[in-house]
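Listed below, chain by chain, are the residues.
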Amino acid sequence: LSIKKVVMKTPCKDLIDTHCHLDAAAFADDHEAVHEQARRAGVTAMVVPGVSRRGWRRLLDLCTRLVGCYPALGLHPLYLEDHCGEYLGELERLIATYPVRAVGEIGLDFWDKEADPESQGKLFADQVVIAAHAKLPLILHVRKAHDQVVAMLRRLRFSHGGIVHSFSGSLQQAHRYAELGFCLGVSGTVTYERANRVRGVVAAMPLADLVLETDAPDIAPAGCRGERNSPANLPLVLEALSVIRSESGADIGAATSANARRLFGIGAID
Ligand SMILES: [Zn+2]
(Lines give C-alpha, C1' and ligand atoms only; values in the text may rest on other atoms or scores of the structure.)
Protein backbone atom coordinates (compact mmCIF):
# COMPACT_ATOMS: atom_id res chain seq x y z
CA LEU A 1 0.00 0.00 0.00
CA SER A 2 1.61 3.21 -1.15
CA ILE A 3 0.35 5.88 1.23
CA LYS A 4 2.93 8.42 0.04
CA LYS A 5 1.56 8.32 -3.49
CA VAL A 6 -1.95 8.87 -2.18
CA VAL A 7 -0.92 11.75 0.09
CA MET A 8 0.78 13.52 -2.82
CA LYS A 9 -2.35 13.30 -4.92
CA THR A 10 -4.91 14.26 -2.27
CA PRO A 11 -6.60 17.45 -3.49
CA CYS A 12 -8.39 17.98 -0.18
CA LYS A 13 -6.70 18.06 3.24
CA ASP A 14 -9.91 17.91 5.24
CA LEU A 15 -11.62 14.64 4.41
CA ILE A 16 -13.98 12.81 6.74
CA ASP A 17 -14.18 9.03 6.85
CA THR A 18 -17.79 8.58 7.97
CA HIS A 19 -17.48 4.81 8.49
CA CYS A 20 -14.25 3.34 9.77
CA HIS A 21 -13.91 0.39 12.19
CA LEU A 22 -10.66 1.56 13.74
CA ASP A 23 -11.65 -0.43 16.84
CA ALA A 24 -11.76 -3.71 14.88
CA ALA A 25 -9.53 -6.64 15.81
CA ALA A 26 -7.70 -6.16 12.50
CA PHE A 27 -6.29 -2.88 13.92
CA ALA A 28 -5.67 -4.12 17.47
CA ASP A 29 -1.88 -3.93 17.16
CA ASP A 30 -1.45 -0.72 15.18
CA HIS A 31 -4.58 1.44 15.32
CA GLU A 32 -2.56 4.44 16.48
CA ALA A 33 -0.21 4.17 13.48
CA VAL A 34 -3.18 3.68 11.13
CA HIS A 35 -4.86 6.75 12.62
CA GLU A 36 -1.69 8.79 12.21
CA GLN A 37 -1.26 7.62 8.60
CA ALA A 38 -4.87 8.59 7.82
CA ARG A 39 -4.39 12.05 9.31
CA ARG A 40 -1.28 12.49 7.13
CA ALA A 41 -3.36 11.45 4.10
CA GLY A 42 -5.74 14.35 4.80
CA VAL A 43 -8.39 12.43 6.76
CA THR A 44 -9.00 14.86 9.62
CA ALA A 45 -11.98 13.08 11.15
CA MET A 46 -13.21 9.50 11.37
CA VAL A 47 -16.57 8.26 12.63
CA VAL A 48 -16.19 4.86 14.32
CA PRO A 49 -19.48 2.92 14.41
CA GLY A 50 -20.20 0.23 16.99
CA VAL A 51 -21.45 -3.24 16.09
CA SER A 52 -21.92 -5.08 19.40
CA ARG A 53 -22.10 -4.24 23.09
CA ARG A 54 -18.85 -6.08 23.76
CA GLY A 55 -16.95 -3.44 21.79
CA TRP A 56 -18.70 -0.27 22.95
CA ARG A 57 -16.42 0.62 25.90
CA ARG A 58 -13.23 0.06 23.93
CA LEU A 59 -14.63 2.11 21.04
CA LEU A 60 -15.48 5.00 23.39
CA ASP A 61 -12.02 4.80 24.93
CA LEU A 62 -10.34 4.80 21.51
CA CYS A 63 -12.32 7.88 20.41
CA THR A 64 -11.34 9.68 23.62
CA ARG A 65 -7.64 8.96 23.04
CA LEU A 66 -7.34 9.66 19.31
CA VAL A 67 -7.87 13.15 17.93
CA GLY A 68 -10.57 13.51 15.28
CA CYS A 69 -12.26 10.16 16.09
CA TYR A 70 -15.98 10.29 16.82
CA PRO A 71 -18.00 7.41 18.29
CA ALA A 72 -21.30 5.95 17.19
CA LEU A 73 -22.91 3.13 19.18
CA GLY A 74 -25.32 0.49 17.99
CA LEU A 75 -26.19 -3.18 17.61
CA HIS A 76 -25.46 -4.47 14.09
CA PRO A 77 -28.22 -6.56 12.41
CA LEU A 78 -25.83 -9.41 11.55
CA TYR A 79 -24.64 -10.13 15.10
CA LEU A 80 -28.05 -11.02 16.53
CA GLU A 81 -26.69 -13.82 18.72
CA ASP A 82 -24.45 -11.27 20.50
CA HIS A 83 -27.34 -8.96 21.38
CA CYS A 84 -30.00 -9.01 24.06
CA GLY A 85 -32.80 -6.64 25.06
CA GLU A 86 -31.00 -5.35 28.15
CA TYR A 87 -28.30 -3.79 25.99
CA LEU A 88 -30.77 -1.23 24.71
CA GLY A 89 -31.00 0.37 28.17
CA GLU A 90 -27.21 0.49 28.31
CA LEU A 91 -27.15 2.07 24.85
CA GLU A 92 -29.46 4.83 26.13
CA ARG A 93 -27.28 5.41 29.18
CA LEU A 94 -24.00 5.54 27.24
CA ILE A 95 -25.49 7.93 24.68
CA ALA A 96 -26.57 10.22 27.51
CA THR A 97 -23.13 10.04 29.17
CA TYR A 98 -20.58 10.17 26.33
CA PRO A 99 -20.27 12.49 23.29
CA VAL A 100 -21.75 9.88 20.93
CA ARG A 101 -22.45 11.33 17.46
CA ALA A 102 -24.88 8.76 16.05
CA VAL A 103 -26.70 5.51 16.66
CA GLY A 104 -25.15 2.85 14.45
CA GLU A 105 -24.40 0.80 12.79
CA ILE A 106 -27.93 -0.52 12.77
CA GLY A 107 -30.31 -1.63 10.04
CA LEU A 108 -31.66 -4.60 8.13
CA ASP A 109 -29.66 -7.17 6.19
CA PHE A 110 -31.91 -9.51 4.19
CA TRP A 111 -29.01 -10.61 2.01
CA ASP A 112 -27.71 -12.78 4.84
CA LYS A 113 -30.29 -15.57 5.09
CA GLU A 114 -29.11 -16.62 8.57
CA ALA A 115 -30.25 -13.47 10.36
CA ASP A 116 -33.95 -13.68 11.26
CA PRO A 117 -35.79 -10.73 9.59
CA GLU A 118 -38.31 -10.34 12.40
CA SER A 119 -35.65 -10.10 15.12
CA GLN A 120 -33.69 -7.67 12.96
CA GLY A 121 -36.78 -5.52 12.49
CA LYS A 122 -37.52 -5.29 16.20
CA LEU A 123 -33.92 -4.52 17.11
CA PHE A 124 -33.75 -1.87 14.40
CA ALA A 125 -37.02 -0.16 15.37
CA ASP A 126 -36.03 -0.04 19.07
CA GLN A 127 -32.72 1.63 18.21
CA VAL A 128 -34.37 4.14 15.86
CA VAL A 129 -36.65 5.18 18.75
CA ILE A 130 -33.62 5.55 21.05
CA ALA A 131 -31.89 7.76 18.46
CA ALA A 132 -35.04 9.87 18.04
CA HIS A 133 -35.25 10.47 21.81
CA ALA A 134 -31.58 11.47 21.89
CA LYS A 135 -31.99 13.57 18.69
CA LEU A 136 -29.09 11.70 17.09
CA PRO A 137 -28.64 10.69 13.42
CA LEU A 138 -28.37 7.05 12.32
CA ILE A 139 -25.62 5.08 10.60
CA LEU A 140 -27.48 2.47 8.57
CA HIS A 141 -26.33 -0.91 7.30
CA VAL A 142 -28.86 -2.03 4.68
CA ARG A 143 -28.67 -4.89 2.20
CA LYS A 144 -31.64 -6.06 0.13
CA ALA A 145 -33.96 -4.17 2.48
CA HIS A 146 -33.98 -0.52 1.40
CA ASP A 147 -37.74 -0.32 0.85
CA GLN A 148 -38.39 -1.89 4.27
CA VAL A 149 -35.97 0.50 6.01
CA VAL A 150 -37.47 3.56 4.31
CA ALA A 151 -40.98 2.41 5.26
CA MET A 152 -39.90 1.92 8.87
CA LEU A 153 -38.21 5.33 9.11
CA ARG A 154 -41.37 6.92 7.74
CA ARG A 155 -43.65 4.98 10.07
CA LEU A 156 -41.52 5.98 13.07
CA ARG A 157 -41.41 9.58 11.76
CA PHE A 158 -37.65 9.65 12.22
CA SER A 159 -36.39 13.16 11.45
CA HIS A 160 -32.71 13.33 12.49
CA GLY A 161 -31.19 11.99 9.28
CA GLY A 162 -27.97 10.05 9.02
CA ILE A 163 -26.03 7.95 6.55
CA VAL A 164 -26.82 4.86 4.53
CA HIS A 165 -23.39 3.29 4.70
CA SER A 166 -21.83 1.97 1.46
CA PHE A 167 -25.10 2.55 -0.37
CA SER A 168 -25.80 0.05 -3.14
CA GLY A 169 -29.50 0.52 -3.89
CA SER A 170 -31.29 2.10 -6.84
CA LEU A 171 -31.47 5.78 -7.79
CA GLN A 172 -35.13 5.84 -6.74
CA GLN A 173 -34.24 4.43 -3.32
CA ALA A 174 -31.42 6.98 -3.05
CA HIS A 175 -33.89 9.82 -3.59
CA ARG A 176 -36.22 8.41 -0.94
CA TYR A 177 -33.41 8.41 1.61
CA ALA A 178 -32.45 11.96 0.61
CA GLU A 179 -36.06 13.07 1.20
CA LEU A 180 -35.75 11.66 4.73
CA GLY A 181 -32.57 13.68 5.34
CA PHE A 182 -30.09 10.83 4.79
CA CYS A 183 -26.79 11.06 2.95
CA LEU A 184 -25.43 8.13 0.96
CA GLY A 185 -22.07 6.73 2.08
CA VAL A 186 -19.76 6.40 -0.93
CA SER A 187 -17.22 3.62 -0.29
CA GLY A 188 -14.42 1.87 -2.17
CA THR A 189 -17.08 -0.02 -4.12
CA VAL A 190 -17.05 2.88 -6.62
CA THR A 191 -13.37 2.27 -7.42
CA TYR A 192 -14.36 -0.93 -9.26
CA GLU A 193 -15.23 -0.39 -12.90
CA ARG A 194 -17.81 -3.17 -12.90
CA ALA A 195 -19.85 -1.43 -10.18
CA ASN A 196 -22.01 0.22 -12.82
CA ARG A 197 -25.19 0.71 -10.86
CA VAL A 198 -23.69 2.29 -7.77
CA ARG A 199 -21.45 4.45 -9.98
CA GLY A 200 -24.54 5.66 -11.85
CA VAL A 201 -26.31 6.51 -8.61
CA VAL A 202 -23.41 8.50 -7.08
CA ALA A 203 -22.99 10.34 -10.39
CA ALA A 204 -26.66 11.33 -10.49
CA MET A 205 -27.25 12.41 -6.88
CA PRO A 206 -26.58 16.00 -5.75
CA LEU A 207 -23.30 16.45 -3.84
CA ALA A 208 -25.38 17.61 -0.86
CA ASP A 209 -26.53 13.99 -0.45
CA LEU A 210 -23.11 12.27 -0.47
CA VAL A 211 -20.45 11.54 2.15
CA LEU A 212 -17.23 9.51 1.91
CA GLU A 213 -16.27 6.35 3.82
CA THR A 214 -13.79 3.48 3.75
CA ASP A 215 -15.54 0.85 5.95
CA ALA A 216 -11.97 -0.16 6.87
CA PRO A 217 -10.80 -2.87 7.42
CA ASP A 218 -13.39 -4.01 4.81
CA ILE A 219 -14.12 -2.88 1.20
CA ALA A 220 -10.52 -2.44 0.07
CA PRO A 221 -10.51 -0.24 -3.05
CA ALA A 222 -9.39 -1.44 -6.49
CA GLY A 223 -5.63 -1.74 -6.48
CA CYS A 224 -5.57 -2.84 -2.83
CA ARG A 225 -7.85 -5.82 -3.32
CA GLY A 226 -7.47 -8.55 -0.73
CA GLU A 227 -5.53 -6.25 1.58
CA ARG A 228 -6.67 -4.83 4.88
CA ASN A 229 -8.41 -1.55 4.06
CA SER A 230 -7.34 1.58 5.92
CA PRO A 231 -8.85 5.06 6.48
CA ALA A 232 -5.71 6.36 4.72
CA ASN A 233 -7.26 4.98 1.51
CA LEU A 234 -10.11 7.52 1.63
CA PRO A 235 -8.44 9.71 -1.04
CA LEU A 236 -8.79 6.76 -3.46
CA VAL A 237 -12.58 6.86 -2.97
CA LEU A 238 -12.51 10.63 -3.54
CA GLU A 239 -10.41 10.20 -6.67
CA ALA A 240 -12.82 7.64 -8.14
CA LEU A 241 -15.84 9.81 -7.34
CA SER A 242 -14.12 12.77 -8.97
CA VAL A 243 -13.66 10.80 -12.20
CA ILE A 244 -17.21 9.42 -12.12
CA ARG A 245 -18.79 12.87 -11.57
CA SER A 246 -16.30 14.88 -13.67
CA GLU A 247 -15.90 17.29 -10.77
CA SER A 248 -12.75 18.35 -8.96
CA GLY A 249 -11.61 16.35 -5.94
CA ALA A 250 -11.27 19.62 -4.03
CA ASP A 251 -14.94 20.49 -4.59
CA ILE A 252 -16.19 17.00 -3.76
CA GLY A 253 -13.95 16.78 -0.69
CA ALA A 254 -15.13 20.14 0.65
CA ALA A 255 -18.82 19.39 0.02
CA THR A 256 -18.83 15.86 1.45
CA SER A 257 -16.87 16.95 4.54
CA ALA A 258 -19.33 19.79 5.12
CA ASN A 259 -22.21 17.29 4.86
CA ALA A 260 -20.56 15.00 7.40
CA ARG A 261 -19.80 17.86 9.81
CA ARG A 262 -23.40 19.03 9.64
CA LEU A 263 -24.83 15.54 10.17
CA PHE A 264 -22.64 14.59 13.12
CA GLY A 265 -22.13 18.04 14.64
CA ILE A 266 -18.37 17.85 14.05
CA GLY A 267 -16.67 21.25 14.31
CA ALA A 268 -13.74 22.60 12.30
CA ILE A 269 -10.46 20.64 12.00
CA ASP A 270 -8.95 19.50 15.35
ZN1 LIG B 1 -19.40 -1.13 9.06
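Data block above holds the structure.
Residues numbered from 1 in each chain as written. Predicted model: local features only at pLDDT ≥ 70, side-chain atom pairs only at ≥ 80, totals over all residues. Heavy atoms only, no water.

Enquirer: Break down the sheet that holds strand S2 (residues 43–49) for me, with residues and values.
Expert: Strand order in the open sheet made by the eight strands is S1-S2-S3-S4-S5-S6-S7-S8, with parallel pairing throughout. Each end of this open sheet is capped by a strand with a single partner; those strands are strand S1 (15–17) and strand S8 (210–212). Averaged over all adjacent pairs, the angle separating strand axes in this sheet is 30°, with direction ignored. As paired strands, S2 and strand S3 (residues 69–73) are joined by four bridges and run parallel to one another. Bridged to proline 49 within S3 is alanine 72. Sheet strands touched by helix H3 (residues 53–65): S2 and S3. Its angle to S3, the strand with the most contacts, is close to 160°. (Pairing = 2+ DSSP bridges. Helix = DSSP H or I, 4+ residues; strand = E, 2+ residues; numbered from the N terminus. Axes fitted to C-alpha atoms, helices over the stretch in contact; angles between N-to-C directions. Contact = heavy atoms within 4.5 Å.)

Enquirer: Can you explain the nonpolar core? Please cite residues and give values.
Expert: Membership of the largest hydrophobic core comes to 73 residues, with the highest contact counts inside it found for Leu22, Leu138, Leu140, Leu153 and Tyr177. No other element matches the six residues that helix H5 (residues 117–134) contributes to this core. Grouped together as the second largest cluster of nonpolar side chains are 14 residues, Ala102, Ile139, Cys183 and Leu263 included. (Core = buried A, V, L, I, M, F, W, Y, C linked by side-chain atoms within 4.5 Å. Buried < 20%, exposed > 50% of the residue type's maximum accessible area, 1.4 Å probe, protein only.)

Enquirer: Quick one: what's the story with the pairing of S2, residue by residue and with numbers?
Expert: With seven of seven residues buried, S2 lies mostly within the body of the structure. Note that S1 and S2 share three bridges and pair parallel. Directly across from isoleucine 16, in S2, lies its bridge partner alanine 45. With respect to chirality, the unit in which S1 leads through helix H2 (residues 31–40) into the neighbouring parallel S2 is right-handed. Of the crossover connections in this fold, the one passing from S2 over H3 to the parallel S3 is right-handed. (Right-handed = clockwise from strand over helix to strand, strands pointing away.)

Enquirer: Got a sec to walk through the layout of surface pockets? Specific residues and values, please.
Expert: The volume enclosed by the largest pocket comes to roughly 760 Å³. His21, His76, Tyr79, Glu105 and Asp218 are the residues nearest the centre of the largest pocket, which is lined by 30 residues in total. Of all the secondary-structure elements, those providing two or more residues to the lining of the largest pocket are H3 and strand S5 (138–143). Take the lining of the largest pocket: its biggest share by element is five residues, from H3. When its residues are assigned to classes, the lining of the largest pocket shows twelve nonpolar, ten polar and eight charged. (1 Å grid on protein atoms, 1.4 Å probe; cavity = no way out; pocket = protein on both sides within 12 Å on 5 of 7 lines; lining within 4 Å. Points joined across faces, edges and corners; volume = space filled by probe spheres on them. Nonpolar A, V, L, I, M, F, W, Y, C, P; charged D, E, K, R; others polar.)

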